[in-house]
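Listed here are the chains, written in short residue letters.
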Amino acid sequence: MTHPSGNPFGTMITAMVTPMHDDGSLDLDGAQKLATHLVDQGNDGILVNGTTGESATTTDQENNDLVRAVAEAVGDRAVVMAGVGTNDTAHSVAAARNMAAAGAQAALIVTPYYNKPPQAGVLEHYRTVAAATDLPAMAYDIPGRTATALAPDTIRALAEVPNIKALKDAKGDLAMSAPLILETGLLWYSGDDALNLPWLALGATGMVSTVGNVASAKLVALLKAVTAADLPAARAINHELAPLVAAVMNVTQGTIQAKAALRLMGVIDSDFCRLPLVPAPEEHRAILRDALTTQGLM
């Protein structure tokens, strides 16, 4: 497909939740419906099998099936990016190859989690997984989940890896990253919805957003305002979105709230989450209901 954004990932990318039935099985029809809804709302990229998609508890076969279903539904209208990273390099290589074969158009590779490799091991992991396919790859720096941050020199080295074209930054160190955006030439993406505006103001290309499940159209408007250098409009949109961002991201785990919100909106049929995640209790749904109503999204 021709990417309107002029890059291989898109600019407004939602980290899509994985719809499931009440019995916990994958809802592929629901995934196609949700992906279509998101693209209709302005997404030019969809991330499947990311953390928000409960990749920790989906099987390899489910991941492949999900990529295939979403690519079939929207692959001609948006970039379908697949989360292929695990904390096992060999497993990640196999996942990347299988998801590429299933129709993924880009790959998201997360820093290996739990085993806390040194920076040299992190770099070799990224190099090896990126080389497993010819897909453009986005590195994912999220030390709050992986326990290992990407060091500046590692990011510089990643920029030299042929397939690695972008970085999703959920580290939030604006001062460290701002010069690296210019120095490395990597496409930079906000990985933290509360920091979307600061990242865009510093030169980020776009965002990979959990809140995009719920409010993509307003995030697209934020992107357009920044691109047009209309700071007052961007500030106004960001301020308007802040309560919804807090309701999705700060009350409990973001996937739980995103699924609850989508069910309240009537976009998905079930907000089932696989253990150890649990569906939102009523008091958390009430916070969402208020935020969604204020945004005109109910």
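The name an unreviewed UniProt entry gives the protein chain is 4-hydroxy-tetrahydrodipicolinate synthase, with Flexivirga endophytica as the organism. Under the UniProt heading Catalytic activity (unreviewed entry), the entry covering the protein chain gives this text: "L-aspartate 4-semialdehyde + pyruvate = (2S,4S)-4-hydroxy-2,3,4,5-tetrahydrodipicolinate + H2O + H(+)".

Next up on the list: the sheet that holds strand β1 (residues 12-15). Strands sit in the order β1-β2-β3-β4-β5-β6-β7-β8 around a closed barrel of eight strands; the barrel is parallel. Strand-to-strand, the axes of this sheet are offset by a mean angle of 25°, without reference to chain direction. In this structure, strand β5 (residues 137-141) lies alongside strand β6 (residues 164-169), joined through five bridges in parallel fashion. For Met138, the partnering residue across the bridge sits in β6 and is Ala166.

This part takes up the UniProt feature "active site" (unreviewed entry) in the protein chain. With numbering matched to this structure, UniProt assigns "active site" (unreviewed entry) to Tyr140 and Lys168. With the annotated positions falling across 29 residues, the maximum pairwise C-alpha distance of 4.7 Å places them together in a single cluster. You can see Tyr140 is positioned in strand β5. When near neighbours in sequence (up to four residues on either side) are disregarded, Tyr140 contacts Thr51, Leu108, Ile109, Val110, Thr111, Tyr126, Lys168 and Ala170. Position of Lys168 relative to the elements: it lies in strand β6. In this view, Lys168 contacts Leu108, Met138, Ala139, Tyr140, Asp141, Tyr189, Gly191 and Val208; residues no more than four positions away in its chain are not counted.

Let us look at the nonpolar core. In this structure, Met16, Val48, Val70 and Trp188 are the most contacted members of the largest nonpolar core, which totals 80 residues. Apart from residues lying up to four places away in sequence, Trp188 is in contact with Ile155, Leu167, Asp169, Ser177, Leu180, Ile181, Trp199, Ala204, Thr205 and Gly206.

Topologically, Leu150 is positioned in the loop between α5 (143-146) and α6 (152-158). For Leu150, a relative accessible area of 1% puts it in the buried group. Placed 44 residues apart in sequence, Leu150 and Ala106 show a C-alpha to C-alpha distance of 21 Å.

What counts, and at which threshold
- Residues numbered from 1 in each chain as written.
- Predicted model: local features only at pLDDT ≥ 70, side-chain atom pairs only at ≥ 80, totals over all residues.
- Heavy atoms only, no water.
- UniProt positions renumbered as here; feature names shortened; annotations may be inferred.
- Pairing = 2+ DSSP bridges.
- Helix = DSSP H or I, 4+ residues; strand = E, 2+ residues; numbered from the N terminus.
- Axes fitted to C-alpha atoms, helices over the stretch in contact; angles between N-to-C directions.
- Contact = heavy atoms within 4.5 Å.
- Core = buried A, V, L, I, M, F, W, Y, C linked by side-chain atoms within 4.5 Å.
- Buried < 20%, exposed > 50% of the residue type's maximum accessible area, 1.4 Å probe, protein only.

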